[in-house]
Amino acid sequence: MLKQTIVAAFSALVASAAFAADGTPAAPDAQMIKQGEYLSRAGDCIACHTARGGKPFAGGLGIESPLGTIYSTNITPDKDTGIGNYTYEDFDLAVRHGKAKDGHSLYPAMPYTAYAKVTPDDVKALYAYFMHGVEPVKQENKDTDISWPMSMRWPLTVWRWMFAPDVVSGPASSDLKGADREALLRGQYLVEGLGHCSTCHTPRGVALQEKALSDKDGSAFLSGGVVEGWLAKNLRGDVTDGLGSWTKEDIAVFLKSGRNGHSAAFGGMAQVVEDSTQHLTDADLNAIAVYLKSLPPVNKDATKPLAYDESVAQALRTGKDKGDGAMAFLNNCAACHRSTGKGYTETFPQLALSSTVNSADATSLIHIVLKGAQMPGTTAAPTAYAMPGFDWRMTDKEVADVVTFVRASWGNKGAAVSASDVAKVRKDVGAAAQPAR
């Protein structure tokens, strides 16, 4: 015990010595830089701050918002166009407080409402990495495509005052209890803080604020939200559309490889797995899984899992079902997803009893049928299987027919989808115009 205390004290002394009195790095510290790189992976900083085909962290990625397009900024240590002149205080002000170096409020596309829970020690490690572990890139930042008067920044200050939480001064206290409390606490820190899972997986209110920033704020937290034409699924314990039927191991495998026996990552989540979660340690992945499995369901009355129904598979095999949806499925989907709806494990996802298929919001399912999707290629599962899009060959009615069929087959209980539902998603995601018939 004494030895552990001495080691901890020495480590703290080394960490503090790496910073001058004003909080700036006195000299590059290899271990701190390495830790900062890991934390940047956990925070998935590269996803937003790297344009497609651009240099890492040089910004320029367009982020769609209801107000218009916001472009991410250059966070390389270039002194003219990046953050090379930022002190630690400047960096911390932006990351956790949502304020730029010159004092103006940042758009909450920067998830500072989550990063407010990141500890100062971790912010210092991130700062050391971005100052000494990232290549400087000279690339000017882009102005937003938001028109005046919505482009005025002062309302963002009001928004920040209303919705941003207090910034933590150290490791946050928690009343979480359980047999694996250490993993619970670590998982909570990663999910609510650096991982900023709530940014996508929590619905937003009329002011575009997340309806909950933690489970203490209510069951809206991580209950699912629509982002860029995809449904970021319910991560709570619901057995139909959440993680109620997934084990901790299922969650960890999904985050590490981008697929498991239940589903595969698609849309924005595929990039999260590829750029972020596959690089986390097994201990951190397990901690995230432990915490997510601790979240109670939104619908506490629905505790019975869906049961597989063989009748649809039999009807498809024997040719008894000649309905439009069934025929569209056989002609376009059955080769990969099979007439049983069970697909091929970790290759072509199962549709039967899928939480994505059974979600109340069918946006993701329609989006995938229209534009296709690709799994991430990861170290654990390097083959990036893809599904083609059918926007160019299927009308809105045909897509609605096949999606409705899938949502009502093999024991699935999803509601029907209309042609107008498909038309809306087709427009929102920029799919090809429906073919003439």
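Residues numbered from 1 in each chain as written. Predicted model: local features only at pLDDT ≥ 70, side-chain atom pairs only at ≥ 80, totals over all residues. Heavy atoms only, no water.

Now for the state of the cysteines. Scanning all chains against the criterion turns up zero disulfides. Cysteine 200 provides the cysteine sulfur closest to cysteine 48, a residue in no disulfide bond, and the two sulfurs are 8.1 Å apart. Judged by its relative accessible area of 34%, cysteine 48 is partly exposed. Free of any disulfide, cysteine 197 has its nearest cysteine sulfur in cysteine 200, 8.9 Å distant. (Disulfide = S-S within 2.5 Å. Buried < 20%, exposed > 50% of the residue type's maximum accessible area, 1.4 Å probe, protein only.)

Two numbers describe how helix α4 (residues 88–97) lies on helix α6 (residues 120–132): the axes approach to 10 Å, and their chain directions differ by 115°. When the axes of α4 and α6 are compared, the pair comes out roughly perpendicular. Pair α4 / α6 crosses with right-handed handedness. Only Pro120, Val123, Lys124, Leu126, Tyr127 and Phe130 of α6 make contact with α4, whose side of the interface consists of Tyr88, Phe91, Asp92 and Arg96. Its residues assigned to classes, the contact of α4 with α6 shows seven nonpolar, no polar and three charged. (Axes fitted to C-alpha atoms, helices over the stretch in contact; angles between N-to-C directions. Helix = DSSP H or I, 4+ residues; strand = E, 2+ residues; numbered from the N terminus. Parallel < 35°, antiparallel > 145°, perpendicular 65-115°, else oblique. Left-handed = near helix turned anticlockwise from the far one by under 90°. Contact = heavy atoms within 4.5 Å. Nonpolar A, V, L, I, M, F, W, Y, C, P; charged D, E, K, R; others polar.)

For the rest of this paragraph, the subject is the nonpolar core. Counting 53 residues, the largest nonpolar core has Phe91, Phe130 and Leu292 as the members making the most contacts within it. Put simply, the parts of the chain that give this core at least two residues each are α2 (30–42), α4, α6, α8 (181–194), α10 (248–257), α11 (268–275) and α12 (282–294). The leading source of residues in this core is α6, at eight residues. Non-local contacts of phenylalanine 91, meaning those with residues more than four positions away in its chain, are made with Ile83, Tyr86, Val123, Leu126, Tyr127 and Phe130. Residues Leu316, Val369, Ala400 and Trp410 belong to the second largest nonpolar core, which totals 30 residues. (Core = buried A, V, L, I, M, F, W, Y, C linked by side-chain atoms within 4.5 Å.)

One pass over the full model with this rule turns up 15 aromatic pairs. Ring geometry for tryptophan 230 versus phenylalanine 266: centroids 5.4 Å apart, planes at 50°, classification tilted. Of the two residues, tryptophan 230 is situated in strand β4 (residues 230–232) and phenylalanine 266 in the loop between α10 and α11; the sequence distance between them amounts to 36 residues. Exposure remark for tryptophan 230: the relative accessible area of 15% places this residue in the buried category. We classify phenylalanine 266 as buried; its relative accessible area is 17%. Through a chain of ring-to-ring contacts, the aromatic side chains of Phe57, Tyr88, Phe91, Tyr127, Tyr129 and Phe130 assemble into a single cluster. The residue whose ring lies beneath lysine 101 is tyrosine 86, and the NZ or CZ to ring-centre distance is 5.7 Å. In this structure, lysine 124 packs its charged tip against the face of tyrosine 88, placed 5.8 Å from the ring centre. (Phe/Tyr/Trp six-rings, centres within 6.5 Å; stacked < 30°, edge-to-face > 60°. Lys NZ or Arg CZ within 6 Å of the ring centre and 35° of its normal.)

Counted according to the given criterion, the structure contains one cavity of 30 Å³ or more. In this model, the largest cavity occupies a volume close to 40 Å³. Lining the largest cavity we find Thr113, Ala114, Lys117, Glu192, Ser198, Glu210 and Leu213. A class-by-class count of the residues in the lining of the largest cavity yields two nonpolar, two polar and three charged. (1 Å grid on protein atoms, 1.4 Å probe; cavity = no way out; pocket = protein on both sides within 12 Å on 5 of 7 lines; lining within 4 Å. Points joined across faces, edges and corners; volume = space filled by probe spheres on them.)

A word on a negative patch on the surface. Negative charge collects at one region of the surface, where Glu64, Asp143, Asp145 and Glu228 lie side by side. Within the secondary structure, glutamate 64 is located in strand β1 (residues 62–65). (Patch = residues over 30% accessible without salt bridge, like charges linked within 9 Å, V, L, I, M, F, W, Y side chains within 5 Å. Areas by Shrake-Rupley, 256 points an atom, 1.4 Å probe, with all protein chains shown as cover. Salt bridge = Lys/Arg side-chain N within 4 Å of Asp/Glu carboxyl O. Lys, Arg positive; Asp, Glu negative; His and termini not counted. Charge placed at Lys NZ, Arg CZ, Asp CG, Glu CD.)

With that settled, the discussion passes to a nonpolar patch on the surface. On the surface, a nonpolar cluster with roughly 530 Å² of combined accessible area is contributed by Trp154, Val158, Trp161 and Met162. Of note, valine 158 is situated in helix α7 (residues 154–163).

Any functional reading would require information beyond the geometric quantities listed.
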